[in-house]
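Residue-level structural notes
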Amino acid sequence: MPAVHHKLLLEEALQDSPQTRSLLSVFEEDAGTLTNYTNQLLQSMQRVFGAQNEMALATEQLSKQLLEYEKQNFALAKGDEEVINTLQHFAKSVEELNSLHAELASQIADKMVFPMVQFREKDLTEISTLKEIFSIASDEHEAAMVKYSRLPKKRENEKMKAEVVREVAYCRRKQHQAAMQYYCALNALQYRKRVAMLEPMLGYTHAQIDFFKKGMELVSKKMDSFLSSVSSMNQSIESQLEVDAEVMRSSQRELLSVDDTVYMPDHDQVPVNRALVQKAGYLNIRNKTGLVTTAWDRLFFFTQGGNLMCQPRGAVAGGMVLDLDNSSVMAVECEDRRYCFQITSPNGKTSLILQAEGKKEYEEWICTLNNISRQIYLTDNPEAVAIRLHQTALQAVTPITSFEKRAEGSPNPDRAKPGGVTSREPQKPPAALEPEDLIVPGTPIQFDIVLPASEFLDQNRAGARRTNPFGETEDDDGDSDTHDSLLQQVFAVRFLGSMAVRAGHTQEVIYEAMRQVLAARAIHNIFKTSESHLMVTSTCIRLIDPQTQVTKISFQLKDVTQFAAHQENSRLMGFVLQGSDWSDGGEDQPSFSVFAFESNTEGEKDPEALAQLMKAMPLTNDGKFLLLESETGAAVEAAGPDEQESEA
């Protein structure tokens, strides 16, 4: 039994790509050829039926006319009974022959002409009707997409957008249903045309055999096996058609059972794949129609190797639009349209402006074209290379995670030690700690310090003093706040983030916290930071707003258990702050947090060395004055408070 090799896939009906349209045109051409041939074949069959029916009428007329001989008034032929009996016998024979011709004509009409007429009026007419419905649905969908593409970006009306989106979804669903019905009919036509060609001739042959049964018994015996095989093949094709039709009906029900968001543009649930090296889909391209006028056309674009291809509807193959090697791709603002991006050739002479349908398509097209521009498609495993480059891009802003490699590759390994003191005694290398031992996975990160409104008002009430970052006092009575110590240094910094950690006495926890904070900012696109003043005194560390001089947050220096600057980027530094945790059983448990900062200058002052220096300074009990050497102690005792402050 011959099998049907070409089918229209129902899964491709929604995308409606030019490849599917090209294959559809082949099916439509085949259906048109079949229609023309069916009309010609039906005319021949109707001519045979007309001749056989005329034969039956003629034999009937002949039989009647033979019987009329007896009734004729021949002047010279009366009494010719032999002739009359002979003619009556002929009339009976012709009448029997007439019944056979009438039965043959009836069988030709029922088994040959009627199936062909039914095939033409039912199947071929259905194809023509579905084609018209599909064409109308496609035009309505195109009109809806044009209306959707013209939605403004700056003055977006949510109500109008929702109406347009619903209209696009309705038109797309309508086109999808019409396409699947049309595809199913065309696929079934490949089976039905075979049945339509075989069934009439099978019926005609059986009618002729029944008509000439007495005289063609030998011939009929020889044709029994052939006719049996034809009948078996016909039944097999019909059974296969039924099975395939049931599969298509089941697939159609499954494809139509999806949520309505499938038909809505810009409602993709699948995450963006930034590691693609091939992409295909419909885009709007801007074309110049005059000196200042432009027009947008919706065309099917796809990538092939390092080239961007375009294939209009109805075209057999696509043509190259632009060579993507070493080209640049970037998002642009164009005519108040959303999701626009521009492709520029390496020499800058050629550029294209395209518009994607949704945000997911927009991001995937930009990532794919950038991957192709880097010539990743020439590697052995381009998708793996694209994934690796994407991961490298996310980690490029963060230091490496191996503390052993960091220590070995550091230009100043002794800087990682507290105080910067080099130990000459051999020490055992500490065991490398895993990131999970330092920070609990999934720990939340705070990216900014927001001063509560109540605290801001408390610090700005009448009589309250603002912090002067340059150490100058504002009071005239000589009384000084306990926070205003004599030794202090101000740094211009940017707060990067803070997070809870497990350990508090190792610098590796600061490095790991820095890595996670920077990685989180890169992944979530949080690049904005505000400048603050970090004041380090002999007793505390304060973060001050440079505009309002209001203290955002303050820490006691005795609670700082560890301080470290990044070994590869001297502008990054952080410290560990120890606190109390009362959550477990009501007992005071130590808790640790890391605060990470970025300074505006590189290495002009070492905050770590300054903090260690402040800890080593001998101060008075109130922390305001510096204790001088013992040999000048008497002079210090004799001097007044003002002189002591000036000497310090």
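Remember, predicted model here, so these are calculated numbers, not experimental data.

Basis of the calculations
Residues numbered from 1 in each chain as written. Predicted model: local features only at pLDDT ≥ 70, side-chain atom pairs only at ≥ 80, totals over all residues. Heavy atoms only, no water. Core = buried A, V, L, I, M, F, W, Y, C linked by side-chain atoms within 4.5 Å. Buried < 20%, exposed > 50% of the residue type's maximum accessible area, 1.4 Å probe, protein only. Helix = DSSP H or I, 4+ residues; strand = E, 2+ residues; numbered from the N terminus. Contact = heavy atoms within 4.5 Å. Axes fitted to C-alpha atoms, helices over the stretch in contact; angles between N-to-C directions. Parallel < 35°, antiparallel > 145°, perpendicular 65-115°, else oblique. Left-handed = near helix turned anticlockwise from the far one by under 90°. Nonpolar A, V, L, I, M, F, W, Y, C, P; charged D, E, K, R; others polar. Disulfide = S-S within 2.5 Å. Pairing = 2+ DSSP bridges. Phe/Tyr/Trp six-rings, centres within 6.5 Å; stacked < 30°, edge-to-face > 60°. Lys NZ or Arg CZ within 6 Å of the ring centre and 35° of its normal. 1 Å grid on protein atoms, 1.4 Å probe; cavity = no way out; pocket = protein on both sides within 12 Å on 5 of 7 lines; lining within 4 Å. Points joined across faces, edges and corners; volume = space filled by probe spheres on them. pLDDT = per-residue confidence, 0-100. Polar contact = N/O pair within 3.5 Å; in protein donor to acceptor, adjacent residues only side chain to side chain. Salt bridge = Lys/Arg side-chain N within 4 Å of Asp/Glu carboxyl O.

**Some thoughts on the nonpolar core**
Counting residues in each nonpolar core, the largest one holds 34 residues, and the members touching the most others are Leu24, Phe119, Ile127, Tyr182, Tyr183, Leu186 and Leu189. Listing elements by their share of this core, those giving two or more residues are α1 (18–67), α2 (81–149) and α3 (158–211). With 12 residues, the single largest contributor to this core is α3. Not counting residues up to four positions away in its chain, the partners in contact with Phe119 are Leu34, Thr38, Leu124, Leu189, Arg192, Lys193 and Ala196.

**Remarks on the packing of α1 against α3**
Two numbers describe how α1 lies on α3: the axes approach to 11 Å, and their chain directions differ by 30 degrees. By the angle class used here, α1 and α3 are roughly parallel. By crossing handedness, the relation of α1 to α3 is classed as left-handed. Partitioning the contact of α1 with α3 into residue classes produces 16 nonpolar, five polar and four charged.

**Here we look at unusual backbone geometry**
Phi at Tyr339 takes a positive value of approximately 55 degrees, unusual for a residue other than glycine. Examined against the element boundaries, Tyr339 turns out to sit in the loop between β5 (328–331) and β6 (340–344). Unusually for a residue other than glycine, Gln375 sits at a positive phi of about 65 degrees. By relative accessible area, which is 30% here, Gln375 ends up partly exposed.

**Focus: the state of the cysteines**
Tallied over the full model, the rule gives zero disulfides. Residue Cys334 stays outside any disulfide, its sulfur separated by 5.2 Å from that of Cys340, the closest cysteine.

**Notes on the environment of Val576**
Looking at the element boundaries, Val576 is found in strand β13 (residues 572–581). Separated by 12 residues in the primary sequence, Val576 and Ala564 have C-alpha atoms spaced 9.0 Å apart. Not counting residues within four places of it along the chain, the set of residues in contact with Val576 comprises Ala503, Gly504, Val509, Ile510, Asp559, Val560, Thr561, Gln562, Phe592, Ser593 and Val594.

**A look at the pairing of strand β1 (residues 280–288)**
When β1 meets strand β2 (residues 294–304), the two strands line up antiparallel, connected through nine bridges. Counted as the bridge partner of Ala280 is Phe302 from β2. Counted between consecutive antiparallel strands, the loop separating β1 from β2 contains five residues.

**Focus on the sheet that holds β6**
With antiparallel pairing, seven strands are arranged side by side in an open sheet as β4-β3-β2-β1-β7-β6-β5. Both outer strands of the open sheet, β4 (319–323) and β5, are each paired with one neighbouring strand and no more. Pairwise comparison of adjacent strand axes, ignoring direction, gives a mean angle of 40 degrees for this sheet. Inspection of the sheet shows β2 paired to strand β3 (residues 307–311) by five bridges, in the antiparallel sense. Note that in β3 the partner of Gln304 across the bridge is Asn307. Against the sheet, helix α5 (residues 359–373) makes contact with β1, β2, β3, β5 and β6, and its axis sits at roughly 15 degrees relative to β6, the strand it touches most.

**Brief notes about the pairing of strand β8 (residues 488–501)**
Pairing of β8 with strand β9 (residues 531–537), which is carried by seven bridges, proceeds in the antiparallel orientation. Bridging across to β9, Ala492 finds its partner in His533. For β8 and strand β14 (residues 589–599), the ladder comprises eight bridges, and the chain directions are antiparallel. Opposite Ala500, over in β14, you have Ser593 as the bridge partner.

**Describing the packing of aromatic side chains**
The final tally for this structure, using the stated rule, is 14 aromatic pairs. Note on Phe563 and Phe575: the rings are 6.4 Å apart at their centroids and 10 degrees apart in plane angle, and the pair reads as stacked. Of this pair, Phe563 sits in strand β12 (residues 560–565) while Phe575 sits in strand β13; the two residues are 12 residues apart in sequence, bridging distant segments of the chain. Note on Phe563: relative accessible area 11%, which makes it buried. Arg298 extends its terminal NZ or CZ atom over the ring of Tyr282, reaching a point 4.4 Å from the ring centre.

**As for empty space enclosed by the protein**
The final tally for this structure, using the stated rule, is two cavities of 30 Å³ or more. There is about 120 Å³ of room inside the largest cavity. Surrounding the largest cavity, 13 residues form its lining, Ser149, Asn284, Gln355, Ala356 and Glu357 being those nearest its centre. For the lining of the largest cavity, the secondary structure elements donating two or more residues are α2 and β1. Each residue belonging to the lining of the largest cavity can be placed in one class, and the counts come to seven nonpolar, three polar and three charged.

**Quick look at the confidence of the model for the protein**
The predicted model of the protein averages 76 in pLDDT, with 74% of residues at 70 or higher. Per-element confidence in the protein is highest for β3, whose mean pLDDT is 92, and lowest for helix α7 (residues 403–409), whose mean pLDDT is 38. Between residues 460–486, whose pLDDT stays under 50, and residues either more than four places distant or in other chains, the model counts 39 contacts. For the stretch residues 628–648, pLDDT sits under 50, and the model shows seven contacts to residues farther than four places along the chain or on other chains.

**Side note on the environment of Lys279**
When you line up the elements, Lys279 lands in the loop between α4 (217–256) and β1. Residue classification places Lys279 among the buried positions, given a relative accessible area of 10%. For Lys279, the residues in contact, after removing those within four places along its chain, are Phe301, Phe302, Thr303, Glu361, Glu364, Trp365 and Thr368. A distance of 2.7 Å separates the side chain of Lys279 from the side chain of Glu364, its partner in a polar contact.

**Focus: the pattern of salt bridges**
The tally for this structure, following the rule as stated, stands at 24 salt bridges. Between Arg21 and Asp16 there is a salt bridge, with its nearest N and O atoms 2.7 Å apart. Take Arg21: its relative accessible area is 19%, and that puts it in the buried class. One salt bridge connects Arg192 with Asp123, and the closest N-O pair in it is separated by 3.9 Å. Of the two residues, Arg192 sits in helix α3 while Asp123 sits in helix α2, which places them 69 residues apart along the sequence. Relative accessible area serves as the criterion here: at 10%, Asp123 is assigned to the buried category. By sharing partners, the salt bridges in this structure join Asp16, Arg21, Glu142, Arg172, Arg298, Arg313 and Glu357 into a single network.

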